[in-house]
Amino acid sequence: MSVADAAVGALDFSHYWTVIKRDRPLIAIITALCVGAMVLYILLAQPMYTATGSILIDVRKNQLLQNSQVVADMQLDAAGSAIESQVELIKSESVALAVIRELKLVDDPIFAPTGPQAVLGYIKSLFKNDPSTPYERERNTVEAFDKALKVKRSNLTYIIDIEFTSPSAERSAQIVNAIADAYMVNELDARYEATRRASRWLQDRIKELREQATLAEQKVQNFRAENNIIDTNRGRLSEQQLADVNTQLLSAQAATAEAKAKLDQINRIANGNVPDATVADALKNEVITRLRAQYLDLSSRYADMSARYGANHQVAINLRNQMNEIRRSITDELRRIGDAYKSDFEVARARETSLQKSLAELISQAGTSGQAQVTLRDLESSAQTARNLYDSFLQRFLEASQQQTLPISEARLITAATAPVEKSWPKSKILLPGSLVLGLMLGVAAALIRDRLDDVFRTAKDIETYLGVECLGILPVVRPGKGAPAAAKAGAVARPISRKSTITRYVLDAPFSRFTESMRSVKVAIDISGLTREARVIGVVSAVPNEGKTTFASNLATLMAQNGQKVLLIDGDLRNPRLTQALAPDAKAGLFEVLTQAQTLGDVLYAEDGNGLQMLPAVLKGPTPHTAELISSRAMAALLDSVGSHYNYVVVDLPPIISVVDVRAAAHLIDAFVCVTEWGETSREVVAEAFASVDVLRDRLVGVVLNKADPSALKRIESYKGRHYQSYYLEPGDPA
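From a predicted model like this one, the values you see are computed outputs, not experimental measurements.

Draft legend 1. Looking closely at helix H19 (residues 549-562). End to end, H19 covers 20 Å across 14 residues, agreeing with the expected 20 Å (1.5 Å per residue, within 8%). Burial runs high along H19: 12 of the 14 residues are buried. Within H19 the residues assigned to the buried category are Lys549, Thr550, Phe552, Ala553, Ser554, Asn555, Leu556, Ala557, Thr558, Leu559, Met560 and Ala561.

Written out as structure tokens, the structure reads:
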């Protein structure tokens with residue numbers, strides 16, 4: 001994975017939160033600017049007042065004179081479109097002009113242009129000799145009127161809200177009420193005019209339809225007379241006759257069938273003996289009923305006598321003779337009834353035959369006049385259609401006449417506008433919190449953008465993420481103080497180190513500071529690195545100049561020597577020996593002379609009293625073009641090898657990696673490297689390029705130190721560690 005890919009992958013919410021905490025001052029400044037600008041705007045902006053009125057569109061009002069079916073079939077979408085159409089009518093220019101002319105708003109100062117429009121109008125007036133015409137001023141007023149007007153439908157109801165905003169509360173309410181009145185008057189005028197035009201058209205159309213209906217009905221009457229077609233209250237005469245004859249025929253057929261049934265029955269009875277009770281009851285004849293009763297009585301007596309005296313007894317014989325006589329009487333009565341039934345049957349059959357003949361004649365006549373009936377129906381349909389159309393138009397005309405005399409408006413004002421008490425703009429309760437939120441958002445965005453564009457190191461995580469190496473510590477920036485030259489002790493072998501600035505020995509002056517504690521962390525890391533590989537010769541490098549590596553090298557060597565170790569501090573920057581300028585400004589010879597064997601090491605060493613620190617300066621007597629060859633020469637290797645047995649640590653202050661090639665040339669002579677990078681200044685790409693340019697640097701690198709960190713910003717970044725995190729540090733000037 002490349003450094004860029006690692007950087008992208010490392011951006012998470014925790015990183016964003018860290019950026020926000022780090023850039024709190026920037027966020028606070030941007031937020032304060034936004035809030036301040038909004039406060040200034042609220043104080044300077046002209047207050048505006050919005051008056052509101054409501055109109056109800058009652059679509060049921062005009063059902064009085066309209067077909068109710070039309071209203072019932074209206075769909076919801078159509079009703080919504082109708083309401084939106086009324087909204088556009090209220091916003092129309094005709095309503096605006098009516099209000100402007102009624103209230104004389106052309107000369108009202110509330111419609112005078114302000115802000116950029118006023119400036120633009122003034123500029124236009126400079127290039128125009130003629131003053132504005134009344135038409136132009138009216139058009140300008142209409143444009144301002146439209147911008148201040150807001151008309152909308154209230155949710156999904158039939159209520160329309162009208163809002164007007166102006167600098168005057170009373171004027172806003174007056175204009176809203178005038179808009180409602182103008183809209184309703186406009187609707188009444190439009191409805192009256194439409195009704196008047198419709199009435200005039202209907203009147204002409206009704207005259208034509210009346211003539212057409214009269215002519216069609218006259219044709220029907222003439223055709224009836226020509227074809228002898230007569231109508232009664234039950235229909236046409238021929239149809240009525242045909243129906244009556246058919247009904248009579250059905251009745252005659254029923255009577256014939258009934259007479260035939262009676263005749264067949266009486267013949268069957270006549271061929272039998274004495275009729276039983278069922279037959280007698282069916283005939284309902286008193287004579288037969290009485291004779292049958294006598295017959296049954298004699299039969300009973302005959303049976304009794306025969307049982308007593310025998311069938312040949314005179315009494316039995318008399319009874320039997322009487323029974324025979326009664327049987328003959330019944331037979332004669334049945335024959336008489338049969339003759340009557342036969343006569344009735346013949347009469348019914350003759351009547352049925354006559355009706356069938358009459359029906360056939362009527363059917364024949366109906367077939368002959370069928371074509372005339374078809375033509376008559378067509379004429380009657382045309383006449384009826386013309387009459388219905390005439391009646392419909394006549395009804396519409398009467399309704400239109402009523403609407404013309406009493407126009408009905410669908411709209412009515414349900415809430416009249418009143419002068420608002422509070423201003424509608426600027427809304428301080430909304431703008432101030434909104435500006436605060438906007439400022440915070442802009443501040444956070446600026447912080448995140450700055451973090452994305454700010455390609456520098458600020459945290460240990462940045463070092464580990466983008467470089468893949470350990471961050472040994474973050475050194476806060478320290479204030480340089482004036483140092484005192486060291487006095488040479490009697491019998492001293494080396495010259496005394498004279499520190500021009502106290503920052504070169506800050507670890508001694510502030511032993512409990514964060515700077516010193518971070519330096520101890522670096523020393524511990526070097527010692528731990530020495531457990532796995534030799535780390536006696538330590539090279540202090542930086543990617544570019546002025547990152548503080550010289551100050552770091554001086555304090556690191558001083559800290560090591562303070563613990564009783566013998567330390568040799570070598571100024572290896574033969575191009576710009578700042579370490580020599582800070583610790584041995586009076587040096588006449590140094591590393592260059594030792595490498596060229598012009599002098600011995602003991603002749604040019606400087607020492608500091610009280611510890612085991614010694615320094616090998618570098619003195620420039622003129623431009624030296626071959627410093628890389630000197631610093632990587634065999635003489636340099638022999639020097640480092642010889643001092644390695646006499647000193648516990650050899651700290652070499654090397655030149656910047658990017659600026660010169662000295663570090664690349666001498667890297668093989670150094671056991672361990674410590675890279676110093678300026679906090680918040682050095683580009684990540686520059687450091688990555690420096691690491692890539694030296695082959696052995698990353699393998700022998702102990703870690704990276706971030707130098708010159710801003711203490712306040714550092715405190716914000718590390719706030720997640722708790723407020724007691726820095727309680728162990730004691731900076732110079734803090735109470736003990």
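Draft legend 2. Geometry of the sheet that holds strand E2 (residues 149-153). Strands sit in the order E2-E3-E1-E6 across an open sheet of 4 strands; the sheet is antiparallel. In this open sheet, the two strands that pair with only one neighbour each are E2 and strand E6 (411-415). Direction aside, the axes of adjacent strands within the sheet are offset by 30° on average. Relative to strand E3 (residues 159-166), E2 runs antiparallel, the two being bridged by 5 bridges. By the bridge assignment for E3, Lys152 is matched with Asp161. The sheet contacts of helix H8 (residues 134-148) involve E2 and E3, and relative to E2 the element is tilted by about 45°.

Draft legend 3. The pattern of salt bridges, seen in detail. All told, the structure shown has 18 salt bridges when counted by the stated rule. Arg308 is the partner of Asp304 in a salt bridge, and the nearest nitrogen-oxygen pair spans 3.7 Å. Of this pair, Asp304 and Arg308 are both found in helix H12 (residues 286-309), 4 residues apart, which corresponds to roughly one turn of the helix. The partly exposed category is assigned to Asp304, whose relative accessible area is 36%. Linking Glu517 and Arg520 is a salt bridge whose minimum nitrogen-to-oxygen distance equals 3.0 Å. Remark: Arg520 and Glu517 occur in helix H18 (residues 514-532); sequence separation between them is 3 residues, near one turn of the helix.

Draft legend 4. Molecular detail of the sheet that holds strand E9 (residues 537-541). Pairing is mixed in the open sheet, where 9 strands are placed in the order E7-E15-E14-E9-E13-E10-E12-E11-E8. Strand pairing shows two members of the sheet lacking a second neighbour, strand E7 (471-476) and strand E8 (495-496), which therefore form its edges. Pairing of E7 with strand E15 (residues 701-709), which is carried by 4 bridges, proceeds in the parallel orientation. Bridging across to E15, Gly473 finds its partner in Val705. Packed on one face of the sheet, H19 meets E7, E9, strand E10 (567-571), strand E12 (613-616), strand E13 (649-653), strand E14 (672-678) and E15 and runs near 170° to E13. Helix-sheet contacts for helix H24 (residues 634-643) involve E9, E10, E12 and E13, and the interaxial angle to E13 is about 145°.

Draft legend 5. Examining the side chain of Glu163 more closely. Note that Glu163 resides in strand E3. Ignoring any residue separated from it by four or fewer positions in sequence, one finds Glu163 in contact with Thr50, Ala51, Thr52, Ala148, Leu149, Lys150, Lys152 and Val176.

Draft legend 6. Here's a closer look at the nonpolar core. By size, the foremost hydrophobic cluster in this structure holds 53 residues, and its most contacted members are Leu591, Leu616, Leu639, Val650, Phe673 and Phe691. In this view, Val650 contacts Arg536, Val537, Ile538, Leu568, Ile570, Leu640 and Val643; residues no more than four positions away in its chain are not counted. Listed in part, the 40 residues of the second largest apolar core include Ile503, Val507, Val540 and Val705.

Draft legend 7. Structural detail: the packing of helix H2 (residues 13-22) against helix H3 (residues 24-44). Orientation of H2 relative to H3, taken along the N-to-C sense of each, is 65°, at an axis distance of 5 Å. The orientation of H2 relative to H3 falls into the category roughly perpendicular. Within the contact between the two elements, H2 uses Ile20, Lys21 and Arg22 and H3 uses Arg24, Pro25 and Ile27. For the contact of H2 with H3, a count of residues per class yields 3 nonpolar, no polar and 3 charged.

Reading the values: rules and limits
- Residues numbered from 1 in each chain as written.
- Predicted model: local features only at pLDDT ≥ 70, side-chain atom pairs only at ≥ 80, totals over all residues.
- Heavy atoms only, no water.
- Helix = DSSP H or I, 4+ residues; strand = E, 2+ residues; numbered from the N terminus.
- Expected span 1.5 Å × (residues − 1).
- Buried < 20%, exposed > 50% of the residue type's maximum accessible area, 1.4 Å probe, protein only.
- Pairing = 2+ DSSP bridges.
- Axes fitted to C-alpha atoms, helices over the stretch in contact; angles between N-to-C directions.
- Contact = heavy atoms within 4.5 Å.
- Salt bridge = Lys/Arg side-chain N within 4 Å of Asp/Glu carboxyl O.
- Core = buried A, V, L, I, M, F, W, Y, C linked by side-chain atoms within 4.5 Å.
- Parallel < 35°, antiparallel > 145°, perpendicular 65-115°, else oblique.
- Nonpolar A, V, L, I, M, F, W, Y, C, P; charged D, E, K, R; others polar.

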